[in-house]
Amino acid sequence: ASVMSGGTDIIVSMTKGFVTPYVVSLAEIPDLDYVTYDKKAGLRIGAMATLQQVADTPEVKEKYPALWKSAAINGTPQTRNMATVVGNVLRASPSGDCGCAIMATGGNVVLEGPKGKREVSIDDFFVDYRVTARKPDEIAVEIKLPPIENGTCTAFARMTRTTLDLSKVNAAVRLDMSGKTCKEARVVMGAVAPKTIRLKKTEALLKGAAITEEVLAKVAATGPTEISPIDDVRSSAEYRRQVSGVLVKRVIEEACK
């Protein structure tokens, strides 16, 4: 069976030839549309919480700007009022904006099945193109993001053919800063590999360094060496490789603001 929350992905897929024996809708299950924030526990997003709900939550905009932006600029108002953040992540498309922002922020996907609940780190959740760590008898019920400490900043950016189109390349970062020095970094890109990926070499460049023009130039040069883009209907591999380093540089600059 295929699980449906908002339906903005699975219904479109069905019009393009996707066939599934059964569709299980979560719409009639109560209390899955929550977005809650706690200073100690962090952010919790239920499986039926829409993109618009997340974008309208003040704590998300204040504490998790990367996630907020990925939800707030995603598609049309009609889409944002139907599509869910958890569904965007479960789609496991490398062009998924919320998945990119959540991977940069860090967190867990909560899965539930006959054997109970388990949590999978977002770092381990995307297995391959449109493949996740969710087992066939499990449903994703929640996404948890850690609390954001003072000095931590996040940002998200994307490039599209048109404003309402899926990303042809996107990027998100989380920087744990001490003054002008970056203690830890998470740098993520989407639509440049079969799945959303972390740029480990770029993260190593940032760790322990001050965010200077020299460091940013190294970041812009290193990013393209860590990706494996392809040609598709939205862009070419060559273009993606050319712009990837620049986009990462810009999103780091935005986070530092």
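Keep in mind it's a predicted model, so treat the numbers as computed, not measured. (Residues numbered from 1 in each chain as written. Predicted model: local features only at pLDDT ≥ 70, side-chain atom pairs only at ≥ 80, totals over all residues. Heavy atoms only, no water.)

(A) Focus on the packing of aromatic side chains. All chains considered together, the criterion is met by two aromatic pairs. Taking 5.9 Å as the distance between ring centres and 65 degrees as the angle between the ring planes, the aromatic pair formed by Phe 125 and Phe 126 counts as edge-to-face. We classify Phe 126 as buried; its relative accessible area is 6%. (Phe/Tyr/Trp six-rings, centres within 6.5 Å; stacked < 30°, edge-to-face > 60°. Buried < 20%, exposed > 50% of the residue type's maximum accessible area, 1.4 Å probe, protein only.)

(B) Spatial organisation of the environment of Lys 207. Residue position: Lys 207 is located in the loop between α9 (200–206) and α10 (213–222). The spacing of Lys 207 and Val 246 is 39 residues in sequence and 19 Å in space, taken between C-alpha atoms. Not counting residues within four places of it along the chain, the set of residues in contact with Lys 207 comprises Cys 182, Lys 183 and Glu 184. A distance of 3.3 Å separates the side chain of Lys 207 from the side chain of Glu 184, its partner in a polar contact. (Helix = DSSP H or I, 4+ residues; strand = E, 2+ residues; numbered from the N terminus. Contact = heavy atoms within 4.5 Å. Polar contact = N/O pair within 3.5 Å; in protein donor to acceptor, adjacent residues only side chain to side chain.)

(C) Structural view of the sheet that holds strand β9 (residues 139–145). One open sheet accounts for five strands, arranged β3-β4-β9-β5-β6; its pairing is antiparallel. The sheet terminates laterally at β3 (35–38) and β6 (116–121), the two strands that pair on one side only. The mean angle between the axes of side-by-side strands here comes to 20 degrees, regardless of whether they run parallel or antiparallel. Sheet topology places strand β4 (residues 42–46) next to β9; four bridges connect them, and they run antiparallel. Its bridge partner being in β9, Leu 43 is matched across the sheet by Leu 145. (Pairing = 2+ DSSP bridges. Axes fitted to C-alpha atoms, helices over the stretch in contact; angles between N-to-C directions.)

(D) Inspection of the packing of helix α4 (residues 65–72) against helix α7 (residues 97–105) at higher detail. At a minimum axis separation of 8 Å, α4 and α7 run at an interaxial angle of 180 degrees. Considering their axes alone, α4 and α7 lie roughly antiparallel with respect to each other. Residues Ala 66, Leu 67, Ser 70 and Ala 71 of α4 form the contact with α7, whose participating residues are Asp 97, Cys 98, Ala 101 and Ile 102. In the contact of α4 with α7, the residues fall into six nonpolar, one polar and one charged. (Parallel < 35°, antiparallel > 145°, perpendicular 65-115°, else oblique. Nonpolar A, V, L, I, M, F, W, Y, C, P; charged D, E, K, R; others polar.)

(E) Unusual backbone geometry, seen in detail. In the Ramachandran plot, Asp 31 falls in the positive-phi region, its phi being about 65 degrees despite a non-glycine side chain. Relative to the helices and strands, Asp 31 is located in the loop between β2 (23–25) and β3.

(F) Geometry of the pairing of strand β12 (residues 181–190). Burial runs high along β12: seven of the 10 residues are buried. Pairing geometry for strand β11 (residues 169–178) and β12, over nine bridges, is antiparallel. Its bridge partner lying in β12, Ala 172 is registered against Val 188. From the end of β11 to the start of β12, which pair antiparallel, there are two residues, and Gly 179 there has a positive phi angle of about 65 degrees. Sheet topology note: the β12/strand β13 (residues 197–198) ladder contains two bridges and is antiparallel. If you follow Val 188 over to β13, its bridge partner there is Arg 198. In this antiparallel pair of consecutive strands, β12 and β13, the connection spans six residues, and Ala 191 shows a positive phi of 65 degrees.

(G) A look at the sheet that holds β13. The sheet built from four strands is open, its strands ordered β10-β11-β12-β13 with antiparallel pairing. In this open sheet, the two edge strands, each paired with only one partner strand, are β10 (152–159) and β13. Its contacts with the sheet put α7 on β10, β11, β12 and β13, and the angle it makes with β11 is roughly 20 degrees.

(H) Representation of the pattern of salt bridges. Summed over all chains, the structure comprises 16 salt bridges. Arg 198 is paired through a salt bridge with Asp 123; the nearest N and O atoms lie 3.0 Å apart. Here Asp 123 lies in helix α8 (residues 122–125) and Arg 198 lies in strand β13, a separation of 75 residues in the sequence. Judged by its relative accessible area of 31%, Asp 123 is partly exposed. (Salt bridge = Lys/Arg side-chain N within 4 Å of Asp/Glu carboxyl O.)

(I) Molecular detail of the packing of α10 against helix α11 (residues 237–256). The N-to-C vectors of α10 and α11 enclose an angle of 145 degrees; their axes lie 8 Å apart at closest approach. In this structure, α10 uses Glu 213, Leu 216, Val 219 and Ala 220 to contact α11, whose residues at the interface are Gly 245, Val 248, Lys 249, Ile 252 and Glu 253. Considering only residue class, the contact of α10 with α11 consists of five nonpolar, one polar and three charged.

(J) Quick peek at the side chain of Ser 70. Looking at the secondary structure, you find Ser 70 in helix α4. In terms of polar contacts, Ser 70 uses its side chain to reach the backbone carbonyl oxygen of Leu 67, at 2.8 Å. Excluding residues within four positions of it along the chain, Ser 70 makes contact with Asp 97, Cys 98, Ala 101 and Phe 156.

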